[in-house]
Amino acid sequence: MPITDAHVGRTYPATAPYPVTAGKIAEFADALGDDNPAYRGPDAVAPPTFAIVVAFDAWEALFADPELDISLSRLIHGDQRFDIVRPLRAGDEVVSVLGIDKVRARGNSAFITVSVRIETTAGEPVATSTSTLLHTWPKEESA
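Residues numbered from 1 in each chain as written. Predicted model: local features only at pLDDT ≥ 70, side-chain atom pairs only at ≥ 80, totals over all residues. Heavy atoms only, no water.

Draft legend 1. Expanded view of the pattern of salt bridges. Evaluation of the coordinates by the stated rule reveals eight salt bridges. Note that glutamate 27 is salt-bridged to lysine 24, the shortest N-O span being 3.6 Å. Taken together, the residues span about one helical turn, with glutamate 27 and lysine 24 both in helix 1 (residues 22-32) at a distance of three residues. Close ionic contact of glutamate 124 with arginine 86 constitutes a salt bridge, the shortest N to O distance being 2.9 Å. Placement of the pair is glutamate 124 in the loop between strand 4 (109-120) and strand 5 (125-136) and arginine 86 in the loop between strand 2 (75-84) and strand 3 (93-106), with a sequence separation of 38 residues. Overlapping salt bridges bring together Arg10, Asp65 and Glu67 as one network. (Salt bridge = Lys/Arg side-chain N within 4 Å of Asp/Glu carboxyl O. Helix = DSSP H or I, 4+ residues; strand = E, 2+ residues; numbered from the N terminus.)

Draft legend 2. Geometry of helix 1. For helix 1, every residue scored as buried is listed here: Ile25, Ala26, Phe28 and Ala29. Looking straight down helix 1, one finds that the buried residues subtend no more than 160° of arc, so they occupy a single side. Residues of helix 1 that are exposed and point over 90 degrees away from its buried face: Asp30 and Ala31. For helix 1, the elements touching its buried residues are helix 2 (51-64). Backbone geometry just downstream of helix 1 places glycine 33 in the positive-phi region, at approximately 75°. (Buried < 20%, exposed > 50% of the residue type's maximum accessible area, 1.4 Å probe, protein only. Arc of directions from axis to C-beta. Contact = heavy atoms within 4.5 Å.)

Written out as structure tokens, the structure reads:
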């Protein structure tokens, strides 16, 4: 059975702790082409969108849930928002928890909104990443 609005409110267990390192922050900044000195050195802070690196681990639980029947090959990432409480910093160790916020299923398609709460292993909130996804199924599998 594909994902439906009955799945709204489902959450998945926290990811394994992710150590934020100065090296990973610099790599991410390099990939963005951003040479801001705040993203370098032992006291580096991460660019705001670095949160997606941490959030992506939490998405794995969503994709692996056989009850939802979600296939990456049928998924379009439509929207992304980050609500930052504080910057991620070198030396942080964080976990992510994904929840299903909204599902609008129509025919063989569904708009799915998920949020990933990112916090330190000590429980300090860092950021929330909210995504809207569009998923389709073959006609014979639609809800």
